[in-house]
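The chain contents come next:
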Amino acid sequence: MNERISVVGQRVRQADILEKVMGRAVFTADLAFPRMLTAQVVRSPIAHGKIRHIDVSRAERVKGVRAIVRGSDAPYRYNLPLRDQPFLAIDRVRYVGEPVVGIAAEDEDAAREAASLIHVDYEPLPAVFDPEQARAPGAPLIHPEFESYWRDSKLFTSVPNSNVLSHFKLRKGDCEAGFAQAEAIFEGTYKSQAFNHGALEPHACIAQVERHGQLTLWSTQQSPWFAADDLAIALGWPVHRVRVIAPYLGGGFGAKHGLKAEPPLVAIALKTDGRPVKLVLTREEVFSAAGVRGAVTVKIRTGVKRDGTIVAREAEVVWDTGAYADVGPLLCRNGSYSVTGPYRIPNQKIDGYCVYTNKVVTSAFRSYGIMEMSFAYESHMDEIARGLGIDPVEIRRRNLIEDGDETATGERLKAIGLKPTLDACAAAMGWDEPKPPGRGRAIVTTAKSSVAPSGSSAFIQMNDDGTLNVMCATTDMGQGARTVMSQLAAEAVGARYEDVHLIASDTAVTPPDRSTSSSRSTFNMGNAVIRAGTDAKKQVLEKAAELLDAPIEELEVRDSTVRVRNSNRFCTFKEIAGVRPGSPYGPIVGRGSYVPEGTTPFDLETGQGRRITGFWLYSSQGVELSVDTDTGKVTLHNIVSAHDTGRTLNPAACEGQVDGGVAIGCSAALMEELVLDESGRVANAAFGDDYPTITSADLPPITPVFVEIPHPDGPYGAKGIGEGPTTGIAAAVANAVEDAIGVRIRDLPITPEKILRALGKLPAEDRP
Amino acid sequence: MTRAAKQMIELNVDGELVEVPVRPHHLLVDVIRDGCGRMSVKEGCESASCGACTVLIDGEPALSCITLAVDAVGHEIRTAESLSTSDRKLHPLQQAFIDHHAVQCGFCTPGMLLTGLALLQANPHPDEAEIRSAISGNICRCTGYVRIVRAIADAAQKMNHGAASRAKELAS
């Protein structure tokens, strides 16, 4: 199929860039419709409590108020795979910021005024903020009615009568025997903090329930189909009654996967008599009530031989999922089995616990648990290397999985580009050269699976002018999906890149797709687009054969033109296209769908599965930094981020993913942390000094490096790239800090204060 | 709580005089979006810390999320939508953002362009550190700033080159 590649692999102009540089790109909050109302949500001020009474009488009298909605008015629950979350709190609140009452009014001033006049009477209940306390026997139950919730019990098991909503188990080999062979045993506990995605665009949503019962949502969605499914199931409606449209998306990073701002707004829209109603979250709401990267504690114990060979690992991973599940059970599963790292470990025992607390909900975050896990396993790896006196890169080389090795979950892998990324990273870092004085250096290696099972589908239709519309529900949130899908479509059909138009995600128009997440789009949707393109091309050839009076075998398609080989006869797509009256040709519509073959679920007792993902992301990342031992300030000097792309479909887009993923990783490693006060309220729910994020002034040069070990199933061999750059940076920073000044920080973020404490220049922390 | 009545004010936006009804507490970001239709001015933080709502007021970058609409009366407000009149006549900064793939989600882009423009007007020859410092109040969560910095540097060079050749033309 790809004997001649013309568009794939090129730095083509980004598909949507003109609109964006001209300030014309339309984001959800920019939309307005006739008779549109404005929504406000009254949120819980307490972390845990029963709702005794809600008084809306004064709010109802505010001029311009059109609807006031309580949980009992829309008693539905959502979340896949565990339906535990109400649209608006029913009877009980479980975190500060939980939606309790929804208001729709003619304008924002009226909605705000009404919100300020609503009085909710709560009976406070004991709140639990620490997952260790929450999973201890006798802890107050956050979901006493847990057993009544629908759940997909094929995917996870819960611990009855506890706050542990899922317990992931991995059992492999014989851990006891493994540790008995070990010549040294290392142990460590590593903590990752909670922080926010910080997508610059706050969540926004417009909902309209038309009189015939159709719900339309314009929403900041990474996963329009997932959202439509989840809402339809929650409402008890067929999915066709829920239409989700995703305009331009101002960053996602996982924050906009699944339902976030939508459920309370849908509850309101059900009561607004067909009028559209719009909700735009404030930044404070985004921080305190729209999902975070949750805190995780990892305890690892590893048995090794003197040469660094790992023989056994035990790990316990505790995930704080906050007040509701969201993706918690899946995060707990995928993260916990990844604590193996990209290493060959014959004997393993891993237990992951996903625990409810009375906190803002943990949601998906770019790297999906792997930053937390790699912070643990790659910090631990350097501690082992140091303990045994082995070079950190060398110890990784000795243990890295290679083609034919088996993963922790029992999958035999091939086309593993790990060693090439490690070698490329070490070379670009100058690892074998002496490091500049006062500097610390580190290289880490990570592997990350992508979500499975995971289907995508696409249509490609030819317009009357010979251009192509690609209908696919992959959302472009900045990662370049519109560009790459257009390249793949152009390549597969034989069209000019400029002739391809990607239709924005709309579940009424773009066919089903799991989600834009998990670095899966290029691989899964890319394959679907290629299949749709191949189907369309077949139709193009059939028509061209008729038009040119030549056998199909003699035709070649390129640049939106069909040529007869070794002749000057040709016709353009424009001539082939057409459904006009009088045209002898019908429409060209290609269709394609893709599901990675043979992916299997996990065994819930052992964590084993034959193929648990379509593909893996492999990366190695290096950091060089220095630390001011008087102030504790870390200065980053150089970062190398090496990735196995399988095949680099668009170098500029891949480099952009690396730059941005590294920046988020650095920010998480050094500065970001969501802080709760004693009442469970997010105390730093604003960008700026309270919640610093990395800026242009803090970042060093970033060198992206790509190696290409083609995946047999990937589109032109490609694997995913999106999350890879975020996976390893925090561990690399921690290891480089130890390399620079000899102190080991085992909890993120690595702040100046923690460094000074570790250096003994500040007293040890007095908090428990 | 009683709401003050709306009053008509006249704003000069991108060289156009626009009459809009506002209450005294209304912020420029909301009025310029909803009243003046300049949706390129984005609201990211409401606390003067992300730069997405940047506009130029009399040529200086200003954060419209902490500027009262009534205070902008009598001043020249400029948004990113004024940088080019058509997609064929892009501003050198816009062209540089395209050439260097300096845009991902695009939400910070209008603010970045205006901050970059103000920088280049004040300092036509910025070095990398000066560019990084100038845009340090504009958060971008997608790009790691790498390509934005490169684009601004490239635009500076091209604008200087353009200015130099125009000066040459005038001199000859």
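Data block above holds the structure.
This section reports on the structure supplied with the text.

Calculation criteria
Numbering of residues begins from 1 in every chain and follows the order in which that chain's sequence is written. All chains are assigned letters beginning at A, and all ligands numbers beginning at 1, according to the order in which they are written. Local features in this predicted model are restricted to residues of pLDDT 70 or higher, and side-chain atom pairs are both shown and tallied only at a pLDDT of 80 or more, whereas totals for entire chains, interfaces and linings draw on every residue. The basis for every side-chain value is the complete set of heavy atoms in the structure, and neither hydrogens nor water enter the calculation. By the criteria applied, helices consist of DSSP H or I runs no shorter than four residues and strands consist of E runs no shorter than two, each listed in order from the N terminus. Only C-alpha atoms enter the radius of gyration, while the globule expectation follows 2.2 Å times N to the 0.38, with N the number of residues. Relative accessibility decides the category of a residue: with a 1.4 Å probe and only protein chains considered, values under 20% of the type maximum give buried, values over 50% give exposed, and everything between is partly exposed. Contact criterion: two residues are considered in contact whenever any of their non-hydrogen atoms come within 4.5 Å of each other. The protein chains shown are the only cover counted for residues, whose accessible areas, like all others here, come from Shrake-Rupley with a 1.4 Å probe. Under this rule, positive means Lys or Arg and negative means Asp or Glu; His and the chain ends count for nothing. Where a charge sits is defined by one atom per residue type, namely NZ (Lys), CZ (Arg), CG (Asp) or CD (Glu). Two strands qualify as a pair provided that DSSP identifies no fewer than 2 bridges between them. Every angle, taken between N-to-C directions, lies between 0 and 180 degrees, and every axis is a line fitted to C-alpha atoms, over only the stretch in contact when it is a helix. Small angles under 35 degrees read as roughly parallel and large ones over 145 as roughly antiparallel, with 65 to 115 read as roughly perpendicular and the rest as oblique. Left-handed describes a crossing in which the near helix is turned anticlockwise from the far one by less than a right angle; the clockwise case is right-handed. For this classification, the nonpolar set comprises Ala, Val, Leu, Ile, Met, Phe, Trp, Tyr, Cys and Pro, the charged set comprises Asp, Glu, Lys and Arg, and every other residue, Gly included, is treated as polar. Accessible-area loss on putting two parts together, using a 1.4 Å probe and summing over both, is the definition of buried area adopted here. By definition here, a salt bridge exists when the distance from a side-chain nitrogen of Lys or Arg to a carboxyl oxygen of Asp or Glu is within 4 Å. Pairing of N or O atoms within 3.5 Å defines a polar contact, subject to two protein rules: one partner must be a possible hydrogen donor and the other a possible acceptor, and residues neighboring in sequence count only if both atoms are side-chain atoms.

Let's talk about the overall build of chain A
Then step 1. Helix and strand counts for chain A come out as 19 helices and 28 strands.
Then step 2. Computed over C-alpha atoms, the radius of gyration of chain A comes to 27 Å, within 12% of the 27 Å expected from 2.2 N^0.38 for 768 residues, which places it in the range of a compact globule.
Then step 3. With the principal axes as the frame, chain A shows a C-alpha extent of 85 × 75 × 50 Å.
Then step 4. Relative to its full complement of 768 residues, chain A shows a buried share of 66%.
Then step 5. The contacts in chain A between residues at least 6 apart in sequence include a share of 78% that link residues at least 24 apart.
Then step 6. Accessible surface, chain A: about 26500 Å² in total, of which carbon and sulfur atoms supply 49%.
Then step 7. Within chain A, the 96 negative side-chain charges are centred at a point lying 2 Å from the centre of the 84 positive side-chain charges.

Quick look at the sheet that holds strand β22 (residues 555–558) of chain A
Residues and elements named next belong to chain A.
Then step 1. In space, the three strands of this open sheet follow the order β22-β23-β24, with antiparallel pairing throughout. For this open sheet the edge positions go to β22 and β24 (570–572), each flanked by a neighbour on one side alone. Along the sheet, successive strands turn relative to each other by an average axial angle of 20°, direction set aside.
Then step 2. Running over the sheet, helix α14 (residues 521–548) touches β22, β23 (561–564) and β24 and is turned about 125° from β22.

As for the packing of helix α3 (residues 109–122) of chain B against helix α5 (residues 146–171) of chain B
Residues and elements named next belong to chain B.
Then step 1. Contact geometry for α3 and α5: axes closest at 11 Å, N-to-C directions at 40°. By the angle class used here, α3 and α5 are oblique. In this structure, the crossing between α3 and α5 has a hand that is right-handed. Between α3 and α5, the contacting residues are Met 112, Gly 116, Leu 119 and Leu 120 on the first element and Ile 148, Ile 152, Ala 155, Ala 156 and Met 159 on the second.
Then step 2. Looking at the contact of α3 with α5 residue by residue, the classes come out as eight nonpolar, one polar and no charged.

Remarks on the interface of chain A and chain B
Frequently, the measure chosen for interface size is the accessible area removed from exposure when the parts meet.
Then step 1. Chain A puts 56 residues into the contact, and the matching count from chain B is 48 residues.
Then step 2. Between chain A and chain B lies a buried interface of about 4200 Å² when both sides are counted; carbon and sulfur atoms form 54% of it.
Then step 3. Scanning the region where chain A abuts chain B turns up seven salt bridges.
Then step 4. On the surface where chain A and chain B come into contact, there are 24 residue pairs in polar contact (both at pLDDT 80 or more).
Then step 5. Of all the secondary-structure elements, those providing two or more residues to the side of chain A that touches chain B are α1 (17–21), α3 (108–116) and α16 (651–670) of chain A.
Then step 6. Top element by residues in the side of chain A that touches chain B is α16(A). It accounts for nine residues.

Some details on unusual backbone geometry
Residue and element names in this part refer to chain A.
Then step 1. Across the junction of Ala 452 and Pro 453, the peptide omega takes the value -5°, indicating a cis bond.
Then step 2. Look at the link from Leu 748 to Pro 749: it is a cis peptide, with omega at -5°.
Then step 3. Here Pro 749 is to be found in the loop between α18 (729–741) and α19 (752–758).
Then step 4. Residues other than glycine seldom take positive phi values, yet Asn 161 does so here, at roughly 55°.
Then step 5. Within the secondary structure, Asn 161 is located in the loop between α4 (131–135) and β9 (164–172).
Then step 6. In the Ramachandran plot, Phe 253 falls in the positive-phi region, its phi being about 60° despite a non-glycine side chain.
Then step 7. Counting through the fold element by element, Phe 253 comes out in the loop between β13 (242–245) and α7 (262–269).
Then step 8. What makes Phe 253 buried here is its relative accessible area of 10%.

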